[in-house]
Amino acid sequence: MSKTILITGAASGFGKIAAFDLAKKGYKVIATAEVYPQMSDLIREAKESGIELMADKLDVTDSRDIEYIVSKYDIDILISNAGIMEGGPIAEQPLDLIRYMFDVNVFGGLQLSQGFIKKWVGQKKSAKIVFTTSMGGLWTVPYVAAYCASKHAMESIAEGLKTELAQFNIKIATCNPGVFGTGFNDRGVDSIFRWYNPGKNFTPPTAFDGAAESLNNQLDPQSMAETIVNVALDDNSNFRNVHPKETEDFIKQLQAEAWTVKS
């Protein structure tokens, strides 16, 4: 029997690619987007591509949206992919931006997950949640530390869920992308300059030298979307799934070195 899969943040990037790929494979896909125009675009693009999927509106910061979606759909797999990046030096970054980022990246994903988990437990149903976190959930990238903190939080939540839900046969996995060209990283860099003012902030402008150049060689997002799809469909996947392998090796090296780094 084909599984039903709901994907958040499917208006673009990994979520959109994964949604279309899963639909092509014959799975029943509910691709959700934050606002109605994005939902309409998904419906149009799927129709133009000859792909059958359902599209719906889901702003993960809107409790009414979450309650509506949880009550409307019976699903087997949740791919919690919606997220945003607000960049900048954390010593000066406006707290309202950080709070909103946590609302999207942490509390929104958790609230939606809790809704489906309660439903699955009540139905005594086996299920799976895949969280799109980040390589930044496993180490801290300078000048996007707050974003990394939100992804560290989701890694911890995912680990807790994995242990606590094993008795209910609900499986949890994370997917940790490296630097891929979805536009997400570019928007994260741009977000810095929406509030940063060298005339007011003490962080020197030279701190951001090379930020744009560092995004010149981003990877094709198709392979990361395929990783997400494979993890979602694999009943025996690894809990943590960093891609590409070079990023995994780099993180492991940094984690080992962390034990000898001086303050």
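Just above sits the structure.
Residues numbered from 1 in each chain as written. Predicted model: local features only at pLDDT ≥ 70, side-chain atom pairs only at ≥ 80, totals over all residues. Heavy atoms only, no water.

Student: What is the right way to read the layout of surface pockets from this model?
Tutor: Leftover empty space is mapped by rolling, across the atoms, a probe with the size of a water molecule. There is about 160 Å³ of room inside the second largest pocket. When its residues are assigned to classes, the lining of the second largest pocket shows 3 nonpolar, 2 polar and 6 charged. (1 Å grid on protein atoms, 1.4 Å probe; cavity = no way out; pocket = protein on both sides within 12 Å on 5 of 7 lines; lining within 4 Å. Points joined across faces, edges and corners; volume = space filled by probe spheres on them. Nonpolar A, V, L, I, M, F, W, Y, C, P; charged D, E, K, R; others polar.)

Student: When you look at the pattern of salt bridges in this model, what are you seeing that I'm missing?
Tutor: Taken as a whole and assessed by the stated rule, the structure comprises 14 salt bridges. Across the pair Lys119 and Asp74 runs a salt bridge, and its minimum N-O distance is 3.2 Å. Here Lys119 is found in helix α4 (residues 95-123), whereas its partner Asp74 is found in the loop between α3 (63-72) and β4 (77-80), with 45 residues between them in sequence. Take Asp74: its relative accessible area is 48%, and that puts it in the partly exposed class. The residue Asp249 makes a salt bridge to Lys245 at a minimum N-O spacing of 2.7 Å. Of the two residues, Asp249 and Lys245 both sit in helix α8 (residues 245-257), 4 residues apart, roughly one turn of that helix. (Salt bridge = Lys/Arg side-chain N within 4 Å of Asp/Glu carboxyl O. Helix = DSSP H or I, 4+ residues; strand = E, 2+ residues; numbered from the N terminus. Buried < 20%, exposed > 50% of the residue type's maximum accessible area, 1.4 Å probe, protein only.)

Student: Would you explain the packing of α3 against α4 in this entry?
Tutor: To describe two helices that pack against each other, one gives the angle between their axes and the distance between the axes. Between α3 and α4, whose axes approach to 10 Å, the crossing angle comes to 30 degrees. One element, α3, and the other, α4, form an angle in the roughly parallel class. For the element pair α3 and α4, the recorded crossing hand is right-handed. Residue-level inspection shows Ser63, Ile66, Ile69, Val70 and Ser71 of α3 in contact with α4, the latter providing Gly108, Gln111, Leu112, Gly115, Phe116 and Lys119. (Axes fitted to C-alpha atoms, helices over the stretch in contact; angles between N-to-C directions. Parallel < 35°, antiparallel > 145°, perpendicular 65-115°, else oblique. Left-handed = near helix turned anticlockwise from the far one by under 90°. Contact = heavy atoms within 4.5 Å.)

Student: It is not clear to me how the sheet that holds β4 should be interpreted in this structure. Could you clarify?
Tutor: Taken together, 7 strands build an open sheet; the order of strands is β3-β2-β1-β4-β5-β6-β7 and the sheet is parallel. Here the strands that pair on one side only, and so sit at the sheet edges, are β3 (54-57) and β7 (240-243). The average undirected angle you get between the axes of adjacent strands in this sheet is 20 degrees. The sheet contacts of helix α5 (residues 145-165) involve β5 (127-132), β6 (170-177) and β7, and relative to β6 the element is tilted by about 155 degrees. (Pairing = 2+ DSSP bridges.)

Student: Got a minute to help me understand empty space enclosed by the protein in this structure?
Tutor: The tally for this structure, following the rule as stated, stands at 1 cavity of 30 Å³ or more. Around the largest cavity sit Ser80, Ala82, Asn105, Phe131, Thr132, Thr133, Lys151 and Met154, which together line it. The residue inventory of the lining of the largest cavity, partitioned by class, reads 3 nonpolar, 4 polar and 1 charged.

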